[in-house]
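Read off the chains here:
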Amino acid sequence: MTRLLEIRDVSKGFPGVQALQGVTLELSRGEVLALVGENGAGKSTLMKILSGIYTRDSGTITVDGQEVEIAGPREAQQLGISIIHQEMNLLPHLTVGQNIFIGREPRLGPFVQERALRRRTQALLDELGIGLSATAMVGDLTVAQQQMVEIAKALSFESTKILIMDEPTSAISLSETKVLFRLIRSLRERGVGIVYISHRMEELRQIADRVSVLRDGQYIGTRDISDVTDAEIIAMMVGRELSQRHDDRPRPRRAAEDVVLSVRGLSTRTLLREVSFDLHRGEILGFAGLMGAGRTETARAVIGADPMTDGTVTVHGKQVRITGPDVAVRHGIGYLPEDRKRHGLMLEQDVVFNLTMSALRSFRGPAGFLRGRKASEVTDSYIESLRIKTPSGRARVKNLSGGNQQKVVIAKWLARDCDVLIFDEPTRGIDVGAKEEIYRLLADLAEQGKAIIVISSELPEVLRLSHRIVVMSQGRVTGVLDNEGLDQEAVMELATKNIDEGAAA
Amino acid sequence: MTDTTTTDAAATSTAPTAAGPGWRQSLGQRLQQALAFGTLIALVAFFSVASPNFFTISNLSSILLATAVIGILAVGTTFVIITGGIDLSIGTGMTLCSVVTGLLLTNMGMPLVVGVLGGIAFGALLGFVNGFNVTVLGLPPFIATLAMMMMAQGLALVLSGVRPIYLSGVPGFQQIALGQLVPRIPNAVLILFGLALLLGIILTKTVLGRMTYAIGSNAEATRLSGINTRRWLLGVYALAGACTGLAGVVMASRLSSAQPQLGMGYELQAIAAVIIGGTSLMGGRGSILGTLIGALIMSVLINGLRIMAVQSEWQTVVTGIVVLVAVFADNLRKRRAEGGGPV
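Small disclaimer: the values here were computed from a predicted structure and weren't measured. (Residues numbered from 1 in each chain as written. Chains lettered and ligands numbered in written order. Predicted model: local features only at pLDDT ≥ 70, side-chain atom pairs only at ≥ 80, totals over all residues. Heavy atoms only, no water.)

Peer 1: I'd like a rundown of the overall build of chain A, residues and numbers included.
Peer 2: Along its length, chain A carries 17 helices and 22 strands. Relative to the 2.2 N^0.38 estimate, which gives 23 Å for 505 residues, the radius of gyration of chain A is 25 Å and therefore close to what a compact globule would have. When the backbone C-alpha atoms are referred to their principal axes, chain A occupies close to 75 × 50 × 50 Å. By residue count, 54% of the 505 residues in chain A fall in the buried class. Considering only residue pairs separated by 6 or more positions, chain A has 65% of its internal contacts joining residues 24 or more positions apart. When the accessible surface of chain A is totalled, it reaches about 22,300 Å², and 47% of it is carbon and sulfur. Across chain A, the 65 positively charged side chains and the 67 negatively charged ones have centroids separated by 5 Å. (Helix = DSSP H or I, 4+ residues; strand = E, 2+ residues; numbered from the N terminus. Rg over C-alpha atoms; globule rule 2.2 N^0.38 Å. Buried < 20%, exposed > 50% of the residue type's maximum accessible area, 1.4 Å probe, protein only. Contact = heavy atoms within 4.5 Å. Areas by Shrake-Rupley, 256 points an atom, 1.4 Å probe, with all protein chains shown as cover. Lys, Arg positive; Asp, Glu negative; His and termini not counted. Charge placed at Lys NZ, Arg CZ, Asp CG, Glu CD.)

Here it is, written out as structure tokens:
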């Protein structure tokens, strides 16, 4: 019997990078194939080839035994391939039904037949067992509910027989994940083939039949999920055995040191309620929680990037009013944003420009003139001490790799010599080797007496780095834990704690 | 991953490293300036061959004089455009400032210095109000300055009583623009070049200049770096406003009168000069030298076409085409430089 989907020896190169090299994948009807690999392993490129956004350089793709060319998203859809992207493509100001049938609305002449649209949508939702109303505004839905809408949209095409899901659970809670898995199982029974991209081993065990591994654009292998241990999968992903991870954790801190930053009862208009925590000198305080739990919002409110409606911030024992990031910096608090490219860097400018941005005051000579030589010297010293890989301080930041860009942002704040550094997703989009380097850097900084907050969506990262962990859920702090003998489950339980009733789908 | 870094970086590092303070202009910006300068030379050469009356000292001097007012507006507004903003009020604002100077000097009988500084200060005030509307009230620069453009025009008419204010009776006033400290070169031209030099230094060597580029490159990243972006933006708009005031004084001096009906449309010519000079409307990129060249290209073109007896209506059409070609050439160059990597 022919396979539903066969990818043979597919390669794709971009100027300077070989994103995929001879990758092979097979998917049968009614199968869930897990696709795993680190960032940059080539998963996204492969998915973009399947959805017709990129064209492959070589290799063949067959659907139901027919060799196919996928020229664009429309062709992919006609071949029965639907993709649910990590970042969702829904229009928040339209209803569920309008989103699902966008561009395919039932029409009478030039008029959209809203009633027919609603009826068809509701029938579809009911059939899939998704408890949503066809007329709900998508912008009002939770991330998980929006994900359901995406799935319903994918399946609203009669032709869909291959469904690709890119980290569908990265933003949703445990109970919502269960609903999602139930849906996936029923799709499997109907013969739909599903490619499921995820990093979460325990999920793969629950839902996948087989697992395929990519590494550095190369196909490493495929195993039946029941024949392989987590450690073996990870070894395939990273290309080596990982040593016992827990040993990397920071040692418990010495006797309690002075509180540098103390936040009490912090609330904002939309999300945060009564957030309180203390940050000590020499401490790394992790912030864990699901997407939308309020971690980034907490950081932004503390530095005054967004207004707080209630609460106090105390720095070095003195209560302060922080009305903006410039005031925060004056009190020695620096924030390294989650979205480096949009909020942390001036990509078109060079390394010197970016690195001296926060501490520009110290490079100011008489009459507001900039002391260029000093700026270059300081930059060169950070390039050396942080081992930033760049041809010179004059290279545009745009041309640096993600890890090195992050180091530039870190150097920018080190140059300003803040006491408190808030790292929001410090290793997002950074490859494994550079990650380890950033971890060491953070540990060193704490060792030197800086007080550090690390916000991360990756639990292992929080556990690896933090002395203590603040767990948030739905805008509140649900626990502050000492990171000794702590496991992911304990944190997850607090992170998924449901404070308002009935928020899940 | 490292591959892309090294290849791109290699391209960047081939540019010579300037030793001086501040930071070196990017290679691309230099190319754009070279392109603009080449165009200017080509135009001058073309008109010199086409007409014997073009390359004469008196004609070149009149080209420079014609560049002065637009040039002063353009170098000032270059700052605003580099921050990613736009200032539509500089044309009528200039007129309002010349009316204010006129009133100070005639109706109020103030000394020359007060009249001149008053005009410049009033321009700075207009700019400050623009800056306030943009930063504190959060209006888009286009809207804030469009409103200011209309208010300034109306105020100029109201204050002057819709009549020109003649200034030929004010001793020394005419000398500001038309006197010749350097033989055969009107002072207005010296003012333009002096101002351009000053602003060029501010833009490349001072904190204000750095903030101008930073805000235009990424305003939110600048703010999150702990910088009070509002304050710097206010400064930028006020600086551009002061240039507007200076342009008003020079204009009034050149015409020996404040003409309240004039001014509309000057802002677009100034913005066109900035764009031809390679400053990006998206912000973060641009130079004073480029703007100066851009302003010269426009006046050479208009003067040359006039000497070749092309109708003035057609001169405007050609100017429009030059703007299109300049921006298109710049985009083309950028696309080449950046290549077609994954997005």
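Peer 1: Summarise the sheet that holds strand S13 (residues 259-267) of chain A; cite the residues concerned and give the values.
Peer 2: All names here are of chain A. The 4 strands are arranged S14-S13-S16-S17 in an open sheet whose pairing can be described as antiparallel. Because the sheet does not close on itself, it has two edges, and the strands there are strand S14 (275-280) and strand S17 (318-320). When the angles between neighbouring strand axes are averaged without regard to direction, this sheet yields 20 degrees. Bridge count between S13 and strand S16 (residues 310-315): 5 bridges; the pairing is antiparallel. From the neighbouring strand, serine 267 faces S16, where its bridge partner is aspartate 310. Relative to the sheet, helix H9 (residues 295-302) contacts S13 and S14, its axis offset from that of S13 by approximately 110 degrees. (Pairing = 2+ DSSP bridges. Axes fitted to C-alpha atoms, helices over the stretch in contact; angles between N-to-C directions.)

Peer 1: A description of the packing of helix H8 (residues 187-205) of chain B against helix H9 (residues 207-217) of chain B should follow, citing residues and the corresponding values.
Peer 2: When two helices pack together, you describe them by how their axes are tilted relative to each other and by the distance separating the axes. Residue and element names in this part refer to chain B. Remark: H8 packs on H9, axes separated minimally by 5 Å, with the N-to-C direction vectors making an angle of 70 degrees. Looking at the two axes, H8 sits roughly perpendicular to H9. By crossing handedness, the relation of H8 to H9 is classed as right-handed. Contacts between H8 and H9 involve Ile202, Leu203 and Lys205 on the former and, on the latter, Val207, Leu208, Gly209, Arg210, Thr212 and Tyr213. Grouping the constituent residues of the contact of H8 with H9 by class yields 5 nonpolar, 2 polar and 2 charged. (Parallel < 35°, antiparallel > 145°, perpendicular 65-115°, else oblique. Left-handed = near helix turned anticlockwise from the far one by under 90°. Nonpolar A, V, L, I, M, F, W, Y, C, P; charged D, E, K, R; others polar.)

Peer 1: I'd like a description of the domain arrangement of chain A, backed by residues and values.
Peer 2: Interfaces are often sized by the accessible area lost when the parts come together. As assigned here, chain A comprises domain 1 (5-245) and domain 2 (246-495). Each of domain 1 of chain A and domain 2 of chain A was reduced to a C-alpha centroid, and the two centroids are 33 Å apart. (Domains from an automatic or database assignment.)

Peer 1: Let's hear about the nonpolar core: which residues, and what values?
Peer 2: Among the nonpolar cores identified, the biggest contains 76 residues, and Ile72, Phe79, Leu199 and Val300 of chain B are the most heavily contacted of them. Ranked by size, the runner-up nonpolar core spans 44 residues in total, among them Val96, Leu180, Tyr196 and Val228 of chain A. (Core = buried A, V, L, I, M, F, W, Y, C linked by side-chain atoms within 4.5 Å.)

Peer 1: Help me get a handle on the side chain of threonine 319 of chain B, residues and values and all.
Peer 2: Within the fold, threonine 319 of chain B resides in helix H14 (residues 312-338). Since its relative accessible area comes to 11%, threonine 319 of chain B is described here as buried.

Peer 1: Could you give an account of the sheet that holds strand S21 (residues 468-473) of chain A, with specific residues and numbers?
Peer 2: Residues and elements named next belong to chain A. Reading across from one edge, S18-S19-S20-S15-S21-S22 is the order of the 6 strands in this open sheet, with mixed pairing throughout. The open sheet has two edge strands with one neighbour each: strand S18 (333-336) and strand S22 (476-482). On average, each strand axis in the sheet is inclined to that of its neighbour by 20 degrees, with strand direction left out of account. Two elements, strand S19 (residues 420-424) and strand S20 (residues 451-455), share 5 bridges in a ladder whose sense is parallel. Looking at the pairing, isoleucine 422 lines up with isoleucine 453 of S20.

Peer 1: Explain helix H13 (residues 288-307) of chain B residue by residue, including any values.
Peer 2: Residue and element names in this part refer to chain B. Over its 20 residues, H13 runs 28 Å from end to end, which matches the ideal 28 Å to within 8%, given 1.5 Å per residue. Two or three places before glycine 290, at the start of H13, stands the capping residue serine 287, its side-chain oxygen 3.0 Å from that residue's backbone nitrogen. Positive backbone phi, at 65 degrees, marks alanine 309, one or two positions downstream of H13. (Expected span 1.5 Å × (residues − 1). Polar contact = N/O pair within 3.5 Å; in protein donor to acceptor, adjacent residues only side chain to side chain.)

Peer 1: I'd like a description of the pattern of salt bridges, backed by residues and values.
Peer 2: Pairing is possible between side chains of opposite charge, provided their charged atoms come close. Residues and elements named next belong to chain A. Counted according to the given criterion, the structure contains 26 salt bridges over all chains. Of the charged contacts, one joins arginine 188 and aspartate 209 as a salt bridge, the two residues approaching to 3.2 Å between their closest N and O atoms. Of the two residues, arginine 188 sits in helix H6 (residues 174-189) while aspartate 209 sits in the loop between helix H7 (201-207) and strand S11 (210-215), which places them 21 residues apart along the sequence. Given a relative accessible area of 29%, aspartate 209 falls into the partly exposed group. Taken together, the salt bridges that share partners define one network made up of Arg3, Glu6, Arg8 and Glu26. (Salt bridge = Lys/Arg side-chain N within 4 Å of Asp/Glu carboxyl O.)

Peer 1: How would you explain the packing of aromatic side chains if you had to name every residue and give the values?
Peer 2: Tallying each qualifying case throughout the model produces 4 aromatic pairs over all chains. Ring geometry for phenylalanine 46 of chain B versus phenylalanine 47 of chain B: centroids 5.3 Å apart, planes at 65 degrees, classification edge-to-face. Pairing phenylalanine 47 of chain B with phenylalanine 54 of chain B gives two aromatic rings, centres 5.5 Å apart and planes at 40 degrees, and the pair type is tilted. Taking relative accessible area as the criterion, phenylalanine 47 of chain B reaches 3% and is therefore assigned buried. Here a set of aromatic residues connected by ring pairs shows up, and it is made of Phe46, Phe47 and Phe54 of chain B. Seen from the ring of phenylalanine 157 of chain A, arginine 104 of chain A lies directly overhead, with NZ or CZ sitting 3.8 Å from the centre. (Phe/Tyr/Trp six-rings, centres within 6.5 Å; stacked < 30°, edge-to-face > 60°. Lys NZ or Arg CZ within 6 Å of the ring centre and 35° of its normal.)

Peer 1: Explain the environment of asparagine 59 of chain B residue by residue, including any values.
Peer 2: Residues and elements named next belong to chain B. Inspection of the secondary structure puts asparagine 59 in helix H3 (residues 57-82). For asparagine 59, a relative accessible area of 10% corresponds to the buried category. When the C-alpha atoms of asparagine 59 and asparagine 303 are compared, they prove to be 8.5 Å apart, with 244 residues separating the residues in sequence. Once you skip the residues sitting within four places of it in the chain, asparagine 59 turns out to touch Asn53, Phe54, Asn303 and Ile307.

Peer 1: Describe in detail the pairing of S13 of chain A, supporting the description with residues and values.
Peer 2: Residues and elements named next belong to chain A. Across the 9 residues that make up S13, a large majority, 7, are buried. Relative to S14, S13 runs antiparallel, the two being bridged by 5 bridges. By the bridge assignment, valine 259 is partnered in S14 with histidine 280.

Peer 1: Run through helix H5 (residues 143-156) of chain A, naming residues and quoting values.
Peer 2: Side chains three or four residues apart in an α-helix point the same way, a direct result of the helix having 3.6 residues per turn. Its 14 residues place the ends of H5 of chain A 20 Å apart at the C-alpha level, agreeing with the 20 Å of an ideal helix rising 1.5 Å per residue. The element H5 of chain A is extensively covered by neighbouring structure, given that 13 of its 14 residues are classed as buried.

Peer 1: Explain the pairing of strand S15 (residues 284-289) of chain A to me, using residue names and the numbers behind them.
Peer 2: Residues and elements named next belong to chain A. For S15, the buried fraction is high: 6 of the 6 residues fall into the buried class. Where burial is concerned, the two faces of S15 agree: the one with Ile284, Gly286 and Ala288 and the one with Leu285, Phe287 and Gly289 are both buried. One ladder, built from 4 bridges, connects S15 with S20; its direction is parallel. Looking at S20, one finds that glycine 286 is bridged to valine 454. Note that S15 and S21 share 5 bridges and pair parallel.

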